[in-house]
Each structure stands twice: as structure tokens, then as C-alpha cells.
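The lines below spell out each chain.
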Amino acid sequence: MKLDRLIAKHRSLGRSEAHRLIAAGRVLVDGLCSLANQHEIDRFTRVELDAEIVQSPQRALYLMMHKPAGVVSATVDAGHRTVIDLLHDPDKHTLHIAGRLDRWSTGLLLLTNDGRWSKQLMDASSKVPKTYVVETDSRIPSDAVAAFAEGFHFAAEDITTQPAELVLLDDCRARVTIHEGRHHQIKRMFGRLGCFVTALHRESIGGLTLPEDLLPGQWREVMAEERGLSARSKICCSTH
Ligand code: URA
């Protein structure tokens, strides 16, 4: 919502009266005077008019977790433990997952209550790279690198996967980077080559890499600098 609209709504005023209050320097946004009627205000922004609080900010959460095998990437599940169950934070039920991992996959999982951040990371159009280490039950064929670069047609969605990079680590291990996130994408791509994925571990999403000292089941805040943004709020969290 724009600042002028918020002020007008809060005081039951017309838009031009709100403009006058803003122009008079009576409105603070996150503690600083704003003269911009069109200042974009989201639910994480604090807004004051004179000494009065117009909007209290919601606490923004940006977390990374080392997802262990066997835990479901979901906020609720009737039958299994979820990644939310591993967290100890009073606001954990406001979180959603930015890029799920299958139940038996492991590695970097991002959780947030800021839809703009997760959208930016997960939108196919953003082409944010996601890197995985994959183990297979059989030898990865020599033409796999070219096949991943070319893309696979998925009939169910009628799409062809974007070029992916495959680096063979040994006969049955590879590092794969994809730039989108289709359902079971990596398993389906290896399936096309006749390989069954026996282990799948996500190492990184964009510039965020799973820290070596973050053990399975542990989580921590993603700092503002790591998100490439200015600090929005200080978040306290501990490891599991
Ligand atoms: N691709 C898969 O097949 N599974 C995952 O968990 C992530 C990507």
C-alpha cells in the first residue's frame, strides 16, 4: 500500500489531506521522515504520524535450514514431522518455504514470511541457480552432460527444461545446477537417462550456500547482507 493511502485510511481523511500531513514532515517511516506520498509500505514497515503509531511492523523472518532426510518440506502434514516442527520460534507459523525439497532430499532450505523475497528467488523468470549433489543407483551415461544442457521435454506440463549444468564427480555421482524448480525435476531428469536417484542434497540457492557448520536439523537467520539487502530488522534465533 502507498503511504498516502495508509495515512488517509488511518485518519479517515481524503487523499489530499493525507498529502498535507506528509508534506508537513509529520510522518515517519521506519523512524525516518518521509515526504513521498507514493512510499511503498508493506507489513514489515513501521509508520508513525506525529507520536501516534499508524502501523506496527510485523517481524520479518529469513531463515536457512539444513533439512535432514525424512522430514517433510511443508508447513503442516497429517502424518510426518515437518521442517516447521524443527524450528523454535514464536512466529514460525507465519513462515512458508522458498523451494521445497522432497522428503528424503537433504540440504539448503529457505523459509520466510516475506513473499517478495521468496518470489524473487523462486520465480522461473528470475533463473536463480540451484545446485545439488546427486547419487544414482547406476552409472551416469557419458551423454548426460549434453542431455542436461539441451533440456528434457516433460509431457505432463508440456514444457522443456531450461539448460542445466551437469558435472560428473564419479560414475554414480554428479553436481547439477538448474535454473528453475519443477516438481521432482532432478529425479525426473535422471530417470530419463535410466538412473534412479538414491541421494539428493541441495548445496546452494543463488548466492546462498549451506554453511559447513550448519548440521542436519539446524537452522539460522539469513543475514541482510546475505540477502543483498539493507537490514530490515534484527531477528533472534538459535539452532535446533
Ligand atoms: N528435484 C527433485 O527431484 N527433488 C528435490 O527434492 C529437489 C529437486
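Residues numbered from 1 in each chain as written. Predicted model: local features only at pLDDT ≥ 70, side-chain atom pairs only at ≥ 80, totals over all residues. Heavy atoms only, no water.

### Brief notes about the pairing of strand β8 (residues 130-136)
- The buried fraction of β8 is high, at six of seven residues.
- Relative to strand β13 (residues 197-205), β8 runs antiparallel, the two being bridged by seven bridges. Residue pairing across strands places Val134 opposite Leu200, the latter belonging to β13. (Buried < 20%, exposed > 50% of the residue type's maximum accessible area, 1.4 Å probe, protein only. Helix = DSSP H or I, 4+ residues; strand = E, 2+ residues; numbered from the N terminus. Pairing = 2+ DSSP bridges.)

### Digging into the state of the cysteines
- Inspection of the entire model under this criterion finds zero disulfides.
- Cysteine Cys195 is unpaired, with the sulfur of Cys172 as its nearest cysteine sulfur at 7.5 Å. (Disulfide = S-S within 2.5 Å.)

### Digging into the site of the ligand
- Taken together, the residues surrounding the ligand are Leu101, Asp102, Ser105, Tyr132, His184, Gln185, Ile186, Lys187 and Leu200.
- One of the side-chain N or O atoms of Ser105 is found 3.0 Å from an oxygen atom in the ligand.
- In this structure, a nitrogen atom belonging to the ligand sits 3.2 Å away from a main-chain N or O atom of Ile186.
- Out of a free accessible area of 240 Å², the ligand has 95% covered by protein chains.
- With three residues, helix α5 (residues 185-192) is the single largest residue contributor to the shell around the ligand. (Near = heavy atom within 4 Å. Polar contact = N/O pair within 3.5 Å; in protein donor to acceptor, adjacent residues only side chain to side chain. Areas by Shrake-Rupley, 256 points an atom, 1.4 Å probe, with all protein chains shown as cover.)

### Side note on the domain arrangement of the chain
- Per the domain assignment, the segments making up the chain are domain 1 (3-55) and domain 2 (62-225).
- Between domain 1 and domain 2, the C-alpha centre-to-centre distance is 41 Å. (Domains from an automatic or database assignment.)

### Observations concerning the nonpolar core
- Ranked by internal contacts, the top residues of the largest apolar core, which has 35 residues, are Met65, Leu111, Val134, Phe148, Val176, Ile186 and Phe190.
- Broken down by secondary-structure element, the contributors of at least two residues to this core are β5 (62-67), β7 (106-112), β8, α4 (144-150), β12 (173-178), α5 and β13.
- Ignoring anything within four residues of it in the chain, the contact list for Leu111 reads Leu61, Tyr62, Leu63, Met65, Val83, Ile84, Leu95, His96, Ile97 and Trp117.
- Membership of the second largest hydrophobic core comes to 15 residues, among which are Ala98, Trp117, Leu210 and Leu214. (Core = buried A, V, L, I, M, F, W, Y, C linked by side-chain atoms within 4.5 Å. Contact = heavy atoms within 4.5 Å.)

### Section: helix α3 (residues 115-122)
- Taken together, the buried positions of α3 are Trp117, Ser118 and Leu121. One side of α3 holds all its buried residues, which, seen down the axis, span an arc of 95°. Summarising the geometry of α3, the exposed residues directed more than 90 degrees from the buried face are Arg116 and Lys119.
- If you follow the buried residues of α3, they end up packed against β5, β6 (96-98), β7, β8, β13 and β14 (208-209). (Arc of directions from axis to C-beta.)

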